[in-house]
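Coordinate inspection notes
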Amino acid sequence: MKVFASIYIGSVEATMKVFEVKKGSGLQEIDNLKKPTDIISEILRYKKISQETADKLCKMLLDMKRIMGSYKVDGYKVYANSVLKQASNIYFILDQVKTKTGFEVEIISNSEQRFLGYQAIASMDGFAEIIKDSAVLVDIGGVSLQLTYFSNGKLITTQHLDLGIVSVGENLRKLDSMANPIEQMNEILNKELDVFKSLYLTGESLKYMIISGDLNAAFYTIDFLMQPLKMLHKAIANSLQPKKIITPGVTTCDGMAYDYCYNNGWLVAEHDFNEDVLSAAWTISKRYGSYQPHLKALEKLSGMIFDATKKYHGMSDKHRLMMQVIAILHDCGKYISIAEASSGSYTIIMSSEILGLSHKEREMIAYTVSYNRKPLENYEALSDKFTPEEYVIIVKLLAILKVANALDRSHKQKSKNVSMTVRDNNLNITIESQASMALEKGLFSEKADFFQQIFGIRPVLKEKRLDL
């Protein structure tokens, strides 16, 4: 048995949950401590966090640390909501927290926070059965609303709407001087939700609506937040009209625990989160008219190159997943402009939420895809966006993409059987084909040069013609 503690500093409260972790029986919550904060109010009013609130936060965290000590936890994490970055003095506050409590607080992105909540939802009993039909996961945040749609057991899409609790509250305040402000706000909510419904639920009756979050959270007791939250819940239910509403009551803290346990081998996930990522990527590629046979061939070929050269590139399983997404989405920008496919692909990928990928991972994918059709920039041009290590990963993924793409340059899937082995500093790619590979061979050398510069081994294309 292991004991884990998760601490999450949100915009209106700080929460700590302590869990017992047992293989075979999963997580069992054994303690739960919540403390309200004034963080969101101060950020909205003053764009910073006061020293008084910082001192209160440190005191809360010290209390939580003492409780953690009494449970002799085997692991813990301390995360904070991305809204804290809007405070002009946030990094000074975090430095005070580290000095006074010993906690290094990590501010997670919106994508990361939503995925943590989803991990907790997906781990609940019966989740696989729920999404076999049609279901929408609703995650209401401070500044945005996220809707994730499942159908036939697959994740179809994740969409953000700028309809968070705080943003709706701000709009209500702006409309206060006008007649019937609540009615006007409801009109805005209904319009936005109807767009989602018309795009993804056309002609389909929704069976389940799963509401993420803690229904006993502090914002339910804050007057200026409570009304917008109730309005959002009502508008979503009225628009989507689910047959059944499920409120499991899990929070980011639960997701933090599951994420830590999965990553450290304490538990094994029953749900395949990688399959969610790939399903979402395929949905995007189909929406933008990408040629599916070529994408399937490219996903397979890039995966084979990745696996055959693993000891030469040193990348992780997560990077392999990113390689698959790159292969699936590398041509999506042609929907916007064939001539400007690079910038179009970048825009589509960065505008498409893919649950299971962080914002940084999605940005790395978008840049890799864009460089498939334009010259690669040196690190100095991207140093404000990526670390040197992240830049190297982008270039490695790009090198694999270029070679894989060259193997199906005609988009005709000429290969019947493909094998890859590394020997004498060559990546020998043997392709059995009934059609001539002259086009592929003619364009292969340049891609092989680039690959060799990155990995130190050279791809060599060998053709075996099959009798017709």
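Summarised in this report is the structure supplied together with it. (Residues numbered from 1 in each chain as written. Predicted model: local features only at pLDDT ≥ 70, side-chain atom pairs only at ≥ 80, totals over all residues. Heavy atoms only, no water.)

The topology assignment puts Arg458 in strand β13 (residues 458–465). On a C-alpha basis, the gap between Arg458 and Ser167 in space is 54 Å, while along the polypeptide they are 291 residues apart. Excluding residues within four positions of it along the chain, Arg458 makes contact with Asn425, Asn426, Leu427, Ser445, Ala448, Asp449 and Gln452. In this structure the side chain of Arg458 is engaged in a polar contact, spanning 2.9 Å, whose partner is the side chain of Gln452. (Helix = DSSP H or I, 4+ residues; strand = E, 2+ residues; numbered from the N terminus. Contact = heavy atoms within 4.5 Å. Polar contact = N/O pair within 3.5 Å; in protein donor to acceptor, adjacent residues only side chain to side chain.)

All right, on to unusual backbone geometry then. Notably, Asn152 is not glycine yet its phi reads approximately 55°, a positive angle. Inspection of the secondary structure puts Asn152 in the loop between β7 (145–151) and β8 (154–161). Here Asn152 falls in the exposed class, since its relative accessible area comes to 64%. A positive phi is found at Asp424, a non-glycine position, where the angle reads about 55°. Residue position: Asp424 is located in the loop between β11 (415–423) and β12 (426–433). (Buried < 20%, exposed > 50% of the residue type's maximum accessible area, 1.4 Å probe, protein only.)

To continue, consider the packing of aromatic side chains. The tally for this structure, following the rule as stated, stands at 18 aromatic pairs. Centroid distance Tyr367 to Phe386: 5.3 Å. Interplanar angle 90°. Geometry classified as edge-to-face. Of the two residues, Tyr367 sits in helix α15 (residues 359–370) while Phe386 sits in the loop between α15 and α16 (388–407), which places them 19 residues apart along the sequence. For Phe386, a relative accessible area of 2% translates into the label buried. Lying across the ring of Phe103, Lys65 places its NZ or CZ 5.5 Å from the centre. (Phe/Tyr/Trp six-rings, centres within 6.5 Å; stacked < 30°, edge-to-face > 60°. Lys NZ or Arg CZ within 6 Å of the ring centre and 35° of its normal.)

A few words now on the side chain of Ser370. Tracing the sequence through the fold places Ser370 in helix α15. Once you skip the residues sitting within four places of it in the chain, Ser370 turns out to touch Ser342 and Tyr346.

Now for the state of the cysteines. Enumeration over the complete set of coordinates arrives at zero disulfides. Free of any disulfide, Cys58 has its nearest neighbouring cysteine sulfur in Cys253, separated by 18 Å. Given the relative accessible area of 3%, Cys58 is considered buried. With no disulfide partner, Cys253 has as its closest neighbouring cysteine sulfur the one in Cys261, 13 Å distant. (Disulfide = S-S within 2.5 Å.)

What follows deals with the packing of helix α10 (residues 273–287) against helix α11 (residues 292–308). The interhelical angle for the contact between α10 and α11, taken along N-to-C directions, is 145°, at an axis separation of 11 Å. In the packing of α10 onto α11, the handedness of the crossing is right-handed. Along the contact surface, α10 presents Leu278, Trp282, Ser285 and Lys286, while α11 presents Gln292, Leu295, Lys296 and Glu299. (Axes fitted to C-alpha atoms, helices over the stretch in contact; angles between N-to-C directions. Left-handed = near helix turned anticlockwise from the far one by under 90°.)

Now for the sheet that holds β7. The strand order β8-β7-β6-β9-β10 describes an open sheet built from five strands, whose pairing is mixed. With partners counted over all chains shown, the strands left at the sheet margins are β8 and β10 (244–246), one partner each. Within the sheet, the average angular offset between the axes of one strand and its neighbour, ignoring direction, is 20°. Examined bridge by bridge, strand β6 (residues 134–140) and strand β9 (residues 208–211) share four bridges and lie parallel to one another. By the bridge assignment for β9, Ala135 is matched with Tyr208. Relative to the sheet, helix α4 (residues 110–122) contacts β6, β7, β8 and β9, its axis offset from that of β6 by approximately 130°. (Pairing = 2+ DSSP bridges.)

Turning our attention to the side chain of His330. Mapped onto the elements of the fold, His330 is located in the loop between α13 (317–329) and α14 (341–350). Here His294 takes part through its side chain, which lies 3.3 Å from a polar atom of the side chain of His330. Ignoring any residue separated from it by four or fewer positions in sequence, one finds His330 in contact with His294, Leu295, Leu298, Ser345, Val369, Asn372, Leu401 and Asn405.

Turning our eyes to something else, we now look at helix α3 (residues 90–101). With 12 residues, α3 extends 16 Å from end C-alpha to end C-alpha; this agrees with the ideal 16 Å at 1.5 Å per step. For α3, the full list of buried residues reads Ile90, Ile93, Leu94, Gln96, Val97 and Thr101. Take α3 and look down its axis: the buried residues cluster within an arc of 155°, on one side only. In α3, the exposed positions angled more than 90 degrees off the buried face are occupied by Tyr91, Phe92 and Thr99. Turning to α3, the residues buried within the fold contact α2 (51–71) and β5 (106–107). Where α3 ends, the next residue or the one after it, Gly102, has phi of about 85°, a positive value. (Expected span 1.5 Å × (residues − 1). Arc of directions from axis to C-beta.)

Here we come to the sheet that holds β5. Within the open sheet, the five strands sit side by side as β3-β2-β1-β4-β5. Their pairing is mixed. The sheet is open, and its two edges are formed by β3 (26–36) and β5, each paired on a single side. Note: strand β2 (residues 13–22) against β3, 10 bridges, orientation antiparallel. Note on β3: the bridge partner recorded for Lys22 is Gly26. Packed onto the sheet, helix α9 (residues 252–263) meets β1 (2–9), β2, β3 and β4 (75–80) and runs at close to 135° relative to β1.

For the rest of this paragraph, the subject is the pattern of salt bridges. The full count for this structure, using the stated rule, is 19 salt bridges. Across the pair Lys17 and Glu29 runs a salt bridge whose closest N-O atoms are separated by 3.5 Å. Pair noted here: Lys17 is in strand β2 and Glu29 is in strand β3, with a separation of 12 residues, a long-range link. For Asp307, the salt bridge is made with Arg320, and the minimal N-O distance between the two is 2.8 Å. With Asp307 in helix α11 and Arg320 in helix α13, this pair connects stretches of sequence that are 13 residues apart. By relative accessible area, which is 42% here, Asp307 ends up partly exposed. Salt bridges sharing common partners tie together Lys17, Glu29 and Asp254. (Salt bridge = Lys/Arg side-chain N within 4 Å of Asp/Glu carboxyl O.)

Moving on, we come to α9. For α9, which comprises 12 residues, the first-to-last C-alpha distance of 16 Å matches the rise-based estimate of 16 Å (1.5 Å per residue) to within 8%. Of all 12 residues in α9, 11 are buried; the element is thus mostly enclosed. Buried-residue contacts for α9 involve β1, β2, β3, β4, α4 and α10. Gly265 lies just past α9 and shows a positive phi near 75°.

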